[in-house]
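Summary of structural features
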Amino acid sequence: MEFVKIKITGYGSVWLERTAGGREVAGSNPVTPMVFEVQHMKKRVVVALGHRALGTNLPKQMEATRKTSKVIADLIEDGYQVAITHSNAPQVGMIHTAMNEFGKVHEDYTAAPMSVCSAMSQGYIGYDLQNAIREELLNRGIYRTVSTILTQVIVDPYDEAFYTPTKILGRYMNAEEANLERKKGNYVVEETGKGYRRIVSAPNPVSIVEIDAVRTLLDADQIVIACGGGGIPVLRQDNHLKGASAVIEKDLIAGKMAEDVNADELIILTSVEKVKINLGRPDEEALGDITIAEAKRYMEEGHFGEYNMLPKLSASVEFIEKRKGRRAVITSFECLKDALKGKNGTWIKE
């Protein structure tokens, strides 16, 4: 929420209050200096972009970010303050593979740890995304700074996820390469007929290290890209932050960031118009407006995939429960404009 105060010195004072019906003169005083106080309110939103909004390789990413930038620019034109987070699954896998292959060929270079690959993916995606948004805004006559923040997220070293890794990444390996990974202390999983792949943990986010910078930029009415790929997972060791061999679920960090910047709405953009229950069955149903109680019930009934829709619902519910008046929407970026008018998407409310 943005507040603007203008002070004009003179005889008398008048103050204005913005109400649901507009501005009203609340009172005046003929002696004291005149002060005009105008409150300009903007909704603050966090937008979570799925991999479909970013593409899978460099040419596709540049094309996808140009399309995505139009959606973000629409929000800015509609008066929103916007913070963005995004997926990085294809990109971080590509970077991880490239760095490891390079290290194998050049003996003076070492493979890059997951935390470094995550950091590289934030810069790689953020560069294209912020430039695409900036260009689209300028094309509409809007000048607004767009910034990407290299963002670290502290995780708990005792998180149970470290004992049950679930996120697959990187290229397929043969048995010999898989054994080498195991000797390094990494987890691998076999896919029948295809080979072996690296698998890493997905711990819950505890806190965002650079959150003050995100808040400051939003307060200045700038557009912020942060916590890309779920953020760079780190472990706190006194004053030192040590990179963790893990990835953080993008939707969970979106909810966390939305809470930490005191957002009014959480927008999760994915590949479907609406969330569905009873998927693939005769009684399949697309959800429109639902309450957090209904969302919890659907989660408990097992309607959503653990690594697909479930984190989106979980993040939305947790965000809404922290403060009255909040809401969240899950939809595709093509349908967002209609969703914001109440004509599409799955809205989760109190």
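These figures come from a predicted structure and were not determined experimentally.

1. Some points on helix 6 (residues 250-260)
In terms of burial, helix 6 is largely enclosed, as eight of its eleven residues are buried. Buried within helix 6 are the following residues: Lys250, Asp251, Ile253, Ala254, Gly255, Met257, Ala258 and Asp260. The first or second residue beyond helix 6 is Asn262, which carries a positive phi of 55°.

2. Overview of the sheet that holds strand 10 (residues 187-191)
Pairing is antiparallel in the open sheet, where three strands are placed in the order 9-11-10. This sheet does not close on itself; its edge strands, each paired only once, are strand 9 (167-173) and strand 10. Here the average twist between neighbouring strands, direction ignored, is 35°. Relative to strand 11 (residues 195-200), strand 10 is paired through five bridges, and the arrangement is antiparallel. In the sheet register, Tyr187 faces strand 11, and the bridge partner there is Ile199. Set on the sheet, helix 2 (residues 89-105) makes contact with strand 9 and strand 11; between it and strand 9 the angle comes to about 40°.

3. Some details on helix 4 (residues 175-183)
Residues spaced three or four apart along an α-helix face the same direction, because each turn holds 3.6 residues. A distance of 3.1 Å separates the backbone nitrogen of Glu176 from a side-chain oxygen at the start of helix 4, and that oxygen is part of Asn174. A positive phi of about 95° marks Gly185, the residue just after helix 4.

4. Quick look at the sheet that holds strand 13 (residues 223-225)
Paired through their backbone hydrogen bonds, the strands of a sheet run either parallel or antiparallel. Pairing in this open sheet of eight strands is mixed, and the strands run 7-13-6-5-16-20-21-19 from one edge to the other. Unpaired on one side and paired on the other, strand 7 (146-148) and strand 19 (289-291) mark the two borders of the sheet. Between one strand axis and the next, the sheet turns by 20° as a mean value, whatever way the strands run. Here strand 5 (residues 44-49) runs beside strand 16 (residues 265-270); their pairing, made up of five bridges, is parallel.

5. Looking at the environment of His51
Its place among the elements puts His51 in the loop between strand 5 and helix 1 (58-77). With 36 residues separating them in the primary sequence, His51 and Ser87 have C-alpha atoms 5.3 Å apart. Ignoring anything within four residues of it in the chain, the contact list for His51 reads Ser87 and Pro90.

6. Overview of the environment of Ala48
Topologically, Ala48 is positioned in strand 5. When its relative accessible area of 0% is taken as the criterion, Ala48 is described as buried. Sequence spacing of Ala48 and Ile267 is 219 residues, and the spatial spacing of their C-alpha atoms is 6.2 Å. Leave out the neighbours within four places in its chain, and Ala48 touches Thr85, Lys250, Asp251, Ala254, Ile267, Ile268 and Leu269.

How each quantity is defined
Position numbers for residues start from 1 in each chain and track the written sequence from start to end. The predicted origin of the model limits local features to residues at a pLDDT of at least 70 and limits the giving and counting of side-chain atom pairs to 80 or more, whereas totals for whole chains, interfaces and linings rest on all residues. Calculated side-chain values reflect all of the structure's heavy atoms, with hydrogen atoms and water omitted. Here's how the labels work: a residue is buried when its accessible area is under 20% of the maximum for its type, exposed when over 50%, partly exposed in between, all with a 1.4 Å probe on protein chains only. Put simply, DSSP H or I for four residues or longer makes a helix, DSSP E for two residues or longer makes a strand, and each gets a number counted from the N terminus. Any two strands with at least two DSSP-identified bridges between them are counted as paired. Angles run from 0 to 180 degrees between N-to-C directions of axes, and those axes are lines fitted to C-alpha atoms, restricted for helices to the stretch in contact. Contacts are residue-level and defined by heavy atoms, with any inter-residue pair within 4.5 Å sufficient. For this analysis, a polar contact is any N or O atom pair within 3.5 Å, provided that within protein one partner can donate a hydrogen and the other can accept it, and provided that sequence-adjacent residues contribute only side-chain to side-chain pairs.

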